[in-house]
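Coordinate inspection notes
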Amino acid sequence: MPLTTPLTIEQLNAATPAEFVALLDGTYEHSPWIAERAAALRPFASLAGLKHALVSVVRDAGQGPQLALIRAHPELAGKAMVSKTLTAESTNEQGKAGLTDCTPEEFARLQQLNADYNARFGFPFILAVRGPRGLGLGRHEIIATFARRLGNPVDFEREECLRNIHRIAEIRLNDKFGVSPELGNRVWDWAEQLAQHSDPGYAERGELTVTYLTDAHRACAQQLARWMRQDCGFDEVSIDAVGNVVGVYHGQDRAAPRLLTGSHYDTVRNAGKYDGRLGILVPMAAVAELHRAGRRLPFGIEVVGFAEEEGQRYKATFLGSSALVGQFDPAWLDQVDADGVTMRAAMQHAGLCVDDIPALARDPARYLGFVEVHIEQGPVLAELDLPLGVVTSINGSVRFVGEVTGMASHAGTTPMNRRRDAALAVAELALFVERRAAAVPDVVGTVGIVEVPGGSINVVPGRCRFSLDIRATTDAARDACLHDVRTELAAICQRRGVAVVLDETMRASAAPSDPAWQARWERAVAALGLPVQCLPSGAGHDAMKLHERMPQAMLFVRGLNAGISHNPLESSTNEDIELAVHAFADVLEQLNTEPAA
């Protein structure tokens, strides 16, 4: 029987095992065993806790039952849809995605994709067609995703199907419980609207690129400022001398210390919509809720949309957060972009006053600390099926560019034992970096650029340019790896008769999370009924700069598509974002109830 009133956690916790299974009927396609096993895990503290329990049952079941679960699902626009034998839930979902209204060409394409996919993987293609916002994906997006995932390895694709099945179940549970992630929807919609602004040359291709002080960048700043003022109720909103968007929501006493939070709104080229921006929009939503309720806390909240973090237009990174910690280097102002425009000229054109930059440095005594919400930018949370993770440390990093010089010579007439091949020296180095970094937990090493200037198919490479990037959770582990890499590079060059020049371009110290602030994030995640997963951040963040002046800690939000970032496929769901907003609000409440220092 369909539910006439929304289901509640209390009702589920009090139900007999048989009633529990009946109440969750249809959550997982033709697979009541999942609810049967989850019944033994009661009581559940929250809907999020129930969802995680169901996910855990599937994870612990092993590959056989997992494949059976995947195979219990119908093909998209397949025989079951044509014969009208889909479950009510699947009919609703495929209808919302418009699959019941395919053109003949689209239907034929889907049929071919279904056949190709089944031939390759042996199970049907699963996609949560209601999408990350729950409103339904377009047919074009569905077909493009279908075609892209055909190239995945089998094991990866099996896990991706399961992740989509859990997303389908999550949306169905929301329907059963009569809940909608309104705060997550608000942030998701903000991110979509902000992504409408993109630099010329990219906007025309439908790509998102927002670099420092372009028209698109300035439009983003104005949009954020308007939302802060009109939608969220911030008391003070300004754009400062480097382009940071600053919103202040005063506490009960305007002179009280503030919690500082935020992230960056610039992007890499052809970016995703959430890197950086999520850390601005989540606290904005939390402040909007305080304003709606007419509440003031004993402390103020200052949200900063940092103007620049990515270093895409100029050869300087963390411009926005560097200004707040008093480390804006005046020499940066004379850097030029690809069009020969100096940073100083770009700032003047944007109406910014460079003479005011030194005054942006914050007094740490006026702040409780800095927290940052960020999309994970990696696969860990996705693989663990967890929506949130607490960051333990931001990795210390060091970067180099180098060039090996050997001897260019004829590929046909130079014996193998007489060659001074610059490219093979770099290749050998890259393999050593891989082995050395993999030998130590939480150390990563990358040779991301390998370039043979003027290379030819019939010439032994005489020059090879390369990059080197080493990161670790501690500076000591990073530096130990770097020492071994330098030693090995010298040995390679001596053995191969080549020379090398290696120039350091960036060094950043590790930023371990402040224990007290990390604990607040952990309590916030646990309060949602979720397991607390701690993990390091391999990417750099604005929190690294604020770490130099005040305590900091970060919260990660799971990304879709195996957590890919710096990529148009970067995405997150309204549900995961909703949980992030609640976690942020919980940190505020913890601060509200803690005894004054």
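Here the structure is shown first, and the text comes after it.
Notes on the structure follow. (Residues numbered from 1 in each chain as written. Predicted model: local features only at pLDDT ≥ 70, side-chain atom pairs only at ≥ 80, totals over all residues. Heavy atoms only, no water.)

Our next topic: the pattern of salt bridges. Two side chains carrying opposite charge are able to pair once their charged atoms lie near each other. Tallying each qualifying case throughout the model produces 37 salt bridges. With a closest N to O distance of 2.6 Å, Arg296 and Asp235 form a salt bridge. Here Arg296, found in the loop between α13 (278-293) and β4 (300-306), pairs with Asp235, found in the loop between α12 (215-231) and β1 (236-239); they are 61 residues apart in sequence, far enough to count as distant. Through salt bridges with shared partners, one network takes in Asp475, Arg478, Asp479, Glu504 and Arg507. (Salt bridge = Lys/Arg side-chain N within 4 Å of Asp/Glu carboxyl O. Helix = DSSP H or I, 4+ residues; strand = E, 2+ residues; numbered from the N terminus.)

Take empty space enclosed by the protein next. One pass over the structure, following the stated rule, counts 2 cavities of 30 Å³ or more. Volume-wise, the largest cavity comes out at about 120 Å³. His73, Pro74, Leu76, Ser90, Glu93, Gln94, Phe125, Ile126, Leu127, Val129, Ile168 and Arg172 are the residues that line the largest cavity. Elements that contribute at least two residues to the lining of the largest cavity include exactly α7 (88-96) and α10 (154-177). (1 Å grid on protein atoms, 1.4 Å probe; cavity = no way out; pocket = protein on both sides within 12 Å on 5 of 7 lines; lining within 4 Å. Points joined across faces, edges and corners; volume = space filled by probe spheres on them.)

Here strand β6 (residues 388-394) lies mainly inside the structure; 6 of its 7 residues are buried. Strand direction decides the pairing type here: β6 and strand β16 (residues 552-557), joined by 3 bridges, are antiparallel. By the bridge assignment for β16, Gly389 is matched with Phe556. Two strands pair when backbone bridges link them, and β6 and strand β15 (residues 534-537) are joined in this way by 3 bridges, in the parallel orientation. What sits directly across from Val391, in β15, is Leu535. Where β6 and strand β14 (residues 511-512) come together, 2 bridges link them in antiparallel fashion. Note that in β14 the partner of Ser393 across the bridge is Pro512. (Buried < 20%, exposed > 50% of the residue type's maximum accessible area, 1.4 Å probe, protein only. Pairing = 2+ DSSP bridges.)

With that settled, the discussion passes to the side chain of Glu376. As for its placement among the helices and strands, Glu376 is situated in the loop between β5 (367-375) and α16 (380-384). Buried and unpaired, Glu376 has no salt bridge, with Arg558 as the nearest side chain of opposite charge at 7.9 Å. Every residue in contact with Glu376, bar those within four places of it in the chain, is listed here: Leu381, Ala382, Leu535, Phe556 and Val557. (Lys, Arg positive; Asp, Glu negative; His and termini not counted. Contact = heavy atoms within 4.5 Å.)

All right, on to the packing of aromatic side chains then. Tallying each qualifying case throughout the model produces 11 aromatic pairs. When the ring of Tyr117 is compared with that of Phe146, the centres are 5.8 Å apart and the planes differ by 80°; the resulting orientation is edge-to-face. Within this pair, whereas Tyr117 is found in helix α8 (residues 104-121), its partner Phe146 is found in helix α9 (residues 139-149), the two being separated by 29 residues in sequence. We note that Tyr117, like Phe146, is buried. (Phe/Tyr/Trp six-rings, centres within 6.5 Å; stacked < 30°, edge-to-face > 60°.)

Mapped onto the elements, Ser513 comes out in the loop between β14 and α19 (515-527). By relative accessible area, which is 9% here, Ser513 ends up buried. In terms of polar contacts, Ser513 uses its side chain to reach the backbone carbonyl oxygen of Val391, at 2.7 Å. For Ser513, the contacting residues outside a window of four places in its chain are Val391, Thr392, Ser393, Gln518, Gln552, Ala553 and Met554. (Polar contact = N/O pair within 3.5 Å; in protein donor to acceptor, adjacent residues only side chain to side chain.)

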